[in-house]
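This is what each chain is made of:
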Amino acid sequence: YNAFLVISDGANNKYGSFFAPYDFFYAWRKIESDDKELDGISSLVTMVSGLFRKDRLLAVIKNFIYFPDSSDKDTKIVCRYPQYFAATKLFENIKRHLKPEGDGKGGTYFGATGCGKSYTMLFLTRMLMKSPYFHSPTILLITDRTDLDDQLSKQFIASKKYIGDETVVSIDSREALRRMGLSKGTRRTAPAKPRFSAEATRPTVSRPAKQTNASGSPVGVIFKIIAAIILLNILFSFGSFFRYFLF
């Protein structure tokens, strides 16, 4: 059984999966998440002390090597160190803030474009689903872009075995989400990714707008004052122009 490979000449040190091209091999540049990134010969030290530390190596093999349920090509994804630190920190923070002892705020993760956020979410989902501490969690993924919507839907539905739950569904409306009965005390429901239309995302409770004449509102009055100032400036400019040529 091969977990991942390491390529090293002492100065260049990278790791990756058996099937990955060299471009997808990646250096492990930190020992701890708050450390400064190191390259060159120093990256060998960070890899040995960071990736190959006993507890971390076991954690990577257990939760951070991804195989899809089925694929028409050889696919095997090994986490990068930012994904490992992000998923691990989120997991611990969710655990620490879990209600009723905590405030229920699991935390916020920001990742730049192309950093592999979808795989970070997949790693975190597996950790939550496999953890006895969370029993049967309900995980809901909400996206704001159609392309990301389709990507996550296909990725999670093709990862039921990896996640550890056969009930992975894609939801396309708020009403469908309600019909699933995602409420307290329900059995574990697999990650769902709803695609909400503009109509579906309107607040269920709204306040009627005040019937106010726009011209009588503060904004309307300010607009009139600004328009009057602009008009006076135009008239003054024309007056100066005619005085120059006539006199």
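Here is what the cut-offs are and how they apply
Residues numbered from 1 in each chain as written. Predicted model: local features only at pLDDT ≥ 70, side-chain atom pairs only at ≥ 80, totals over all residues. Heavy atoms only, no water. Helix = DSSP H or I, 4+ residues; strand = E, 2+ residues; numbered from the N terminus. Axes fitted to C-alpha atoms, helices over the stretch in contact; angles between N-to-C directions. Left-handed = near helix turned anticlockwise from the far one by under 90°. Contact = heavy atoms within 4.5 Å. Nonpolar A, V, L, I, M, F, W, Y, C, P; charged D, E, K, R; others polar. Patch = residues over 30% accessible without salt bridge, like charges linked within 9 Å, V, L, I, M, F, W, Y side chains within 5 Å. Areas by Shrake-Rupley, 256 points an atom, 1.4 Å probe, with all protein chains shown as cover. Salt bridge = Lys/Arg side-chain N within 4 Å of Asp/Glu carboxyl O. Expected span 1.5 Å × (residues − 1). Buried < 20%, exposed > 50% of the residue type's maximum accessible area, 1.4 Å probe, protein only.

Peer 1: How would you summarise the environment of S70 if you had to cite specific residues and measurements?
Peer 2: Structurally, S70 is set in the loop between β3 (65-66) and β4 (77-78). It is 6.9 Å that separates the C-alpha atoms of S70 and A158, two residues lying 88 residues apart in sequence.

Peer 1: Tell me what's going on with the packing of helix α4 (residues 117-130) against helix α5 (residues 146-157), and back it up with residues and numbers.
Peer 2: In contact at an axis separation of 11 Å, α4 and α5 are set at 35° when each is read in the N-to-C sense. The element α4 and its partner α5 pack so that their crossing is right-handed. Between α4 and α5, the contacting residues are S118, Y119, M121, L122 and T125 on the first element and Q151, L152, Q155 and F156 on the second. Its residues assigned to classes, the contact of α4 with α5 comprises five nonpolar, four polar and no charged.

Peer 1: An account of a nonpolar patch on the surface is needed here, citing residue identities and associated values.
Peer 2: Side chains of Y1, F18, F19, I61 and F67 sit close together on the surface and give an oily, nonpolar patch of about 580 Å² of accessible area. Mapped onto the fold, F18 is located in the loop between β2 (13-16) and α1 (42-51).

Peer 1: Any chance you could break down α4 for me, citing the residues and the numbers?
Peer 2: Given a rise of 1.5 Å per residue, 14 residues ought to cover 20 Å, and the 20 Å separating the end C-alpha atoms of α4 matches this to within 8%. Where burial is concerned, most of α4 is hidden: ten out of the 14 residues are buried. Along α4, the residues that are buried comprise S118, T120, L122, F123, L124, T125, R126, M127, L128 and M129. Contacts from the buried residues of α4 go to α2 (54-63), β3, α3 (81-96), α5 and α6 (160-163).

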